[in-house]
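# Report on the structure
Below, each chain spelled out in residue letters.
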Amino acid sequence: MSLTASVASAHVPTTDGTSTIRQDGSLVRYKLEVDYDKLTKAAGLAGLPRGAKDAEREAFLESHHARIASYLADRLTVALDGVRCAATLEDTGITKRQQFLYARLLLTHRCPGSGGGEFTVRYEVFSDTAAIGAEHTSMVDYELGGSGGSDVFDAGHRELRVGRSHADEAGQGESRAGETVFSSSIGRFVAMGLEHILLGIDHVLFLVLLLLGARGWRSVALLATSFTLAHSVTLALAVLGWVEVPAEIVEPLIALSIVYVAVENMARGESRYRVLVVFGFGLLHGLGFAGALSFTDDFSGRLLVSLLSFNLGIELGQLAIVLLVFPLLLLARRYAWSAMAQVGAAAVVGVLGLVWLVERLLTPSGAA
């Protein structure tokens, strides 16, 4: 799912995509899906009118086949044992996921020899962020160099190395390389989850509001557990493609959740039904978290590991917020001015949530 640079998103603007890499002997087939509008802009193509039909958009890509191939030539490369594989853009098309339009590009890389050795995939698509006004990530599902796995390309990680170099000793190098790629990819998905919640201001403020109204650590534990269970369920269902709710619906409702809890804090503090309310809103926030991930449709063990790693990052970020904010709130409650200060803070956050709600209804960003 792509995210636009709207204030209504309350997130760092970013776009996403998917990279599906499959090796067949000396051939490496690379299916790339990226934001359609961002690709045409980055490649220097004049965009089609907003109301253009799908057939027109497909024809537009095909008519600029050579231009797109030229743009990708030095930005998406595959090398075998340091020797660059010859790339051909075989096909172009479009696909839609959750109301967003993606360009679908199929490239074939012809590598020297029989295809045995160490593969290096270099991903520089949209590396010039000024061209698209956003950061870019691409979820990777690969079967290459005798191993398979999931990874992510982003600004801090643009290269994937898999397989065993001919210089390595038989068996040993391949094993160590596979373990290194696996562990590092898990770390990147954890970091993505951590970044997504900490930089997602609406998610952070929702948690802060819950802490403002919480009576004590037992209450915090119940609320955090309810929120975690709820968003974990919808995050998994959305990423696996079993639930699909347009961002135009999810994002305003997330803003509404902030307004509701803010008003409740000002009116009566923590209600007896807050755990259930938080569970319901947690389902919405899980759909928002899912906006950071776009995998291929194939369910696999490595997809599950990546999903769990991303969710772990979210939980670590949530725990950090709780451990930082709630002790300070408990300390502040020792003073007479704390009650008025908490009402004031809830009011400010509530107004901000109301502004997001109006913006997202008037100019739906599709952000999550």
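Check the secondary structure of the protein chain and you find ten helices and ten strands. Among the 368 residues that make up the protein chain, the fraction classed as buried is 52%. Counting contacts in the protein chain only where the partners sit at least 6 residues apart, residues at least 24 apart contribute 75% of the total.

A word on the sheet that holds strand β7 (residues 118–123). Strand order in the open sheet formed by four strands is β4-β3-β7-β10, and the pairing between neighbours is antiparallel. The sheet terminates laterally at β4 (83–84) and β10 (159–163), the two strands that pair on one side only.

The next subject is the confidence of the model for the protein chain. Taken over all residues, the pLDDT of the protein chain has a mean of 83, while the share at 70 or more is 83%. The model gives residues 1–9 a pLDDT under 50, and that stretch makes 40 contacts with residues more than four places away or in other chains.

Next up on the list: the pairing of strand β3 (residues 76–80). The element β3 is extensively covered by neighbouring structure, given that five of its five residues are classed as buried. Neither face of β3 is exposed, since Leu76, Val78 and Leu80 on one face and Thr77 and Ala79 on the opposite face are all buried. Sheet analysis places β3 next to β7, joined by five bridges and oriented antiparallel. Bridge pairing in β7 links leucine 76 to tyrosine 123. Sheet analysis places β3 next to β4, joined by two bridges and oriented antiparallel. What sits directly across from leucine 80, in β4, is valine 83. Between the antiparallel neighbours β3 and β4 lie two residues, among them aspartate 81 with a positive phi of about 50°.

What counts and what doesn't
- Residues numbered from 1 in each chain as written.
- Predicted model: local features only at pLDDT ≥ 70, side-chain atom pairs only at ≥ 80, totals over all residues.
- Heavy atoms only, no water.
- Helix = DSSP H or I, 4+ residues; strand = E, 2+ residues; numbered from the N terminus.
- Buried < 20%, exposed > 50% of the residue type's maximum accessible area, 1.4 Å probe, protein only.
- Contact = heavy atoms within 4.5 Å.
- Pairing = 2+ DSSP bridges.
- pLDDT = per-residue confidence, 0-100.

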